[in-house]
Amino acid sequence: MFTRLYRHLHRTSGPSSSTWRLKQMLAALIVFGGLSSLTATGTFALLTSQMSNSRATVASGTFTFDNVVNTGTACFSYGGPSSPGNVNTGCQALITSSTLNYPGVAITPVKVTITNDGSLDAADLSVYMPSCAASATPGAPSPGGADPCATNGAQFYVQETTSTGTPTTCWFPSAVGACSFVASSLHVFAANYNATTSALDLGKGPVHATARYFLIGMQLPATASNALQGEAAVFGLTWHMST
Amino acid sequence: MSLRELKGVLLFFMAIGAAAYFGGGGAFASFSAETTNVGSSAASGTLTMSDQVNTGTACLSANATSQNNVNAACASVLALTNVAPGVYGGVAQVTVQNTGSIDASKFYLWAPYVNATLSAGISGTVTSLPITALEGTVTNGDSIVLSFGTHTQTFTANAAASGGATSISVTSQAANFAYPIGTIVVDTSSNTSPANTDCYDAKTTVAGTTGATKGTDLNFNPVTGNPFCGTALIYIQETTGGKNYCWLGKGSSPEAASGMCTAPISVNPSSALSTGGPITSLPVTALNGNVASGDSIVITSGTNTQTFTASANAYFGATAIPVNSATPNFAYPTTSTVIDTTALSSLNPDTTDTITNFNTAHNIIGKIQLFPVTANGTINNAATVELDHFNSGTFSRVFQVGVYLPAPAGINQNPLQGLQSTFGITWHIDQ
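Residues numbered from 1 in each chain as written. Chains lettered and ligands numbered in written order. Predicted model: local features only at pLDDT ≥ 70, side-chain atom pairs only at ≥ 80, totals over all residues.

Asker: I would appreciate a short explanation of the overall build of chain A in the present structure.
Answerer: Along its length, chain A carries three helices and 13 strands. Taken across its 243 residues, chain A has 30% of its residues classed as buried. The long-range fraction of contacts in chain A, counting pairs at least 24 apart against all pairs at least 6 apart in sequence, stands at 76%. (Helix = DSSP H or I, 4+ residues; strand = E, 2+ residues; numbered from the N terminus. Buried ≥ 20, exposed ≤ 12 C-beta atoms within 10 Å, placed from the backbone. Contact = placed C-beta atoms within 7 Å.)

Next up, the structure:
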């Protein structure tokens, strides 16, 4: 009986069995599943957890300033062209040729207010004169031919004051307290302080939302020669701040 | 025995068994005994996490509205304003905790894709995705993937979307599910170039100080190409249990032996200095960066200043900086500032460790695996568990995340005025 049972069972499980192909497929699936579990575990995680700290923000401050000549309109550093940016070469002139100079008579000093209107404090403030050139005074019948920017030409100073105009520091020509006119000082200033790299250092710049006040003085020397008649000095002053 | 005979025998035994089971159980034995283990069950564990920024409220992965254990809207790490080049930026502490019952075998950090969440549900035919402010920039043609629970669907952007945008235009497609508010939206085509990273720039609309100029006032600070993201430096240093490891930033590649990132400091003396004699230690408020031995430490009060030299390393949180013996030249009060100029000088020329590069190099493809830190500058990269389950082993790890805007010599950085970078950081654990 057991021999027959064995033979029967053998027939139902061997290659001749009607279920042989199905068994082959099932065996293949078992092998495939086994391989998956053995070889692919590193490619995915069964459980995961994740979180993001979103929208961290880092914002830079601004570093801008304006200057006002006397009671004029504020001229903003960022009011110039986009390139190089934050450079405005079109601010108001300090003095115009309609303000005529006479030997030994100072013109009314020009007040310049420098205000830090950015959000960052300035570390430095400086000023320089990119150029100074002689030109005939408009309307002058016969210019004398001398150069007010040259030695023995016009005299010039840079005076810092309080907001109410009280002199505090004479930055050029260097002096304690109030400035006075010195011979050839326009020439000396233009010759020595004519670029960013050689600017006159005015010390620490204003912190944000504060201002510094300056008076720019100018006159022809009392000993000016006739050759300075009908001559104008054409110059600009550039104020520079850095962090 | 024939098969028929065998079947007969088997039916006979089956009949006996059936009789025994259904009818005769009590008839055979005088004594019996039995025990039953009732109520067996098989319950799955949990793998969840939380993160906490500084002392804020912990953010949980498990209760995200996207119902997939992914919380894309945890608190922002930093909110720095009025940042200036060359000046200490800021740092935040992030504590990541395994709040589940299962150990995490892997713990990762990466820069997220450009992302948002749905601000309104969508269904039917979709041509536009309403989203919360987009973190990053979407480019026309990008793949936009929505995920909520087990549901996911990919759309294709058919127009660009700027950082902060509140909708993404997509090629018309029927939604395969009614995706609700909170569904996660990611641009899987992003983080490949500075222009399409998760970090994006915008002009500031609020001044850094009251009444001052702001980014939108200026005409020389374009946001094209996300220049602020591409300049600001980021560093992430682990400080778990006093063991330090620089995972991201200067000091991470190659890893500094000290485990320090080059992380600037800006602190105050915790007590006034005395001119009465030499000191060998500067008492300071908890360090918000690192000091390496040999660094120049500058203390300033008004016009008074003095440079000390660090005589040993001091890490995040330290309350004293060891210095070479020197006598203070002024009785520096507690309002004085203390900075590490060596660290600043080291970072100023750095153009590698930017937020943009974090996005492009350490997104999900270049994710950073956070192996357990065993000592300063040393990790165990063979560990089988990287974040233990809640209340066991090291289930909580602590990181310092900082940003610094460098001041490279001779380079005018005016174009970076009045800009704001926005970015995210993703933490991920696997079973």
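Asker: Would you mind showing me how to read the environment of Thr374 of chain B here?
Answerer: Residue and element names in this part refer to chain B. Structurally, Thr374 can be placed in strand 23 (residues 373-375). Using a count of 12 C-beta atoms within 10 Å as the deciding quantity, one classes Thr374 as exposed. Thr374 sits 134 residues away from Thr240 along the chain, and the two C-alpha atoms are 9.8 Å apart. Once residues lying within four places of it in the same chain are set aside, the contact partners of Thr374 are Lys243, Ile379 and Asn380.

Asker: Just to check I follow, could you spell out the environment of Tyr315 of chain B for this structure?
Answerer: Residues and elements named next belong to chain B. With respect to the helices, strands and loops of the structure, Tyr315 is situated in the loop between strand 19 (304-309) and strand 20 (320-326). When the 21 C-beta atoms within 10 Å are taken as the criterion, Tyr315 is described as buried. Those residues in contact with Tyr315 that sit more than four places away from it in its chain are Thr239, Asn244, Met260, Leu287 and Asn290.

Asker: Would you take a moment to explain the nonpolar core for this structure?
Answerer: For soluble globular proteins, nonpolar side chains are generally found buried alongside one another. Counting 110 residues, the largest nonpolar core has Leu129, Val185, Ala232, Ile297 and Val401 of chain B as the members making the most contacts within it. At five residues, the largest contribution of residues to this core is made by strand 26 (residues 419-430) of chain B. If near-sequence neighbours (up to four positions away) are discounted, Val401 of chain B is found in contact with Val77, Leu78, Val91, Ala92, Val94, Ile236 and Ile425 of chain B. Listed in part, the 33 residues of the second largest apolar core include Cys149, Phe156, Ala233 and Trp239 of chain A. (Core = buried A, V, L, I, M, F, W, Y, C linked by C-beta atoms within 7 Å.)

Asker: Hey, could you run me through the domain arrangement of chain B in this one?
Answerer: Interfaces are often sized by the amount of accessible area the parts lose when they come together. Residues and elements named next belong to chain B. Under the domain assignment, chain B is made up of domain 1 (49-113 + 195-250 + 350-430), domain 2 (114-190) and domain 3 (266-347). Centre-to-centre, using C-alpha coordinates, domain 1 lies 24 Å away from domain 2. In this assembly, 18 residues from domain 1 lie in contact with 20 residues from domain 2. Of the residues contributing to the side of domain 1 that touches domain 2, the split by class is nine nonpolar, eight polar and one charged. (Domains from an automatic or database assignment. Nonpolar A, V, L, I, M, F, W, Y, C, P; charged D, E, K, R; others polar.)

Asker: I would appreciate a short explanation of the sheet that holds strand 2 (residues 65-69) of chain A in the present structure.
Answerer: All names here are of chain A. Within the open sheet, the seven strands sit side by side as 3-2-4-11-7-8-9. Their pairing is antiparallel. One side of each edge strand has no neighbouring strand; the edge strands of this open sheet are strand 3 (75-76) and strand 9 (175-176). Note: strand 7 (residues 155-161) against strand 11 (residues 211-219), seven bridges, orientation antiparallel. Bridge pairing in strand 11 links Phe156 to Met218. Against the sheet, helix 3 (residues 185-192) contacts strand 7 and strand 8 (167-172), and its axis sits at roughly 75 degrees relative to strand 7. (Pairing = 2+ DSSP bridges. Axes fitted to C-alpha atoms, helices over the stretch in contact; angles between N-to-C directions.)

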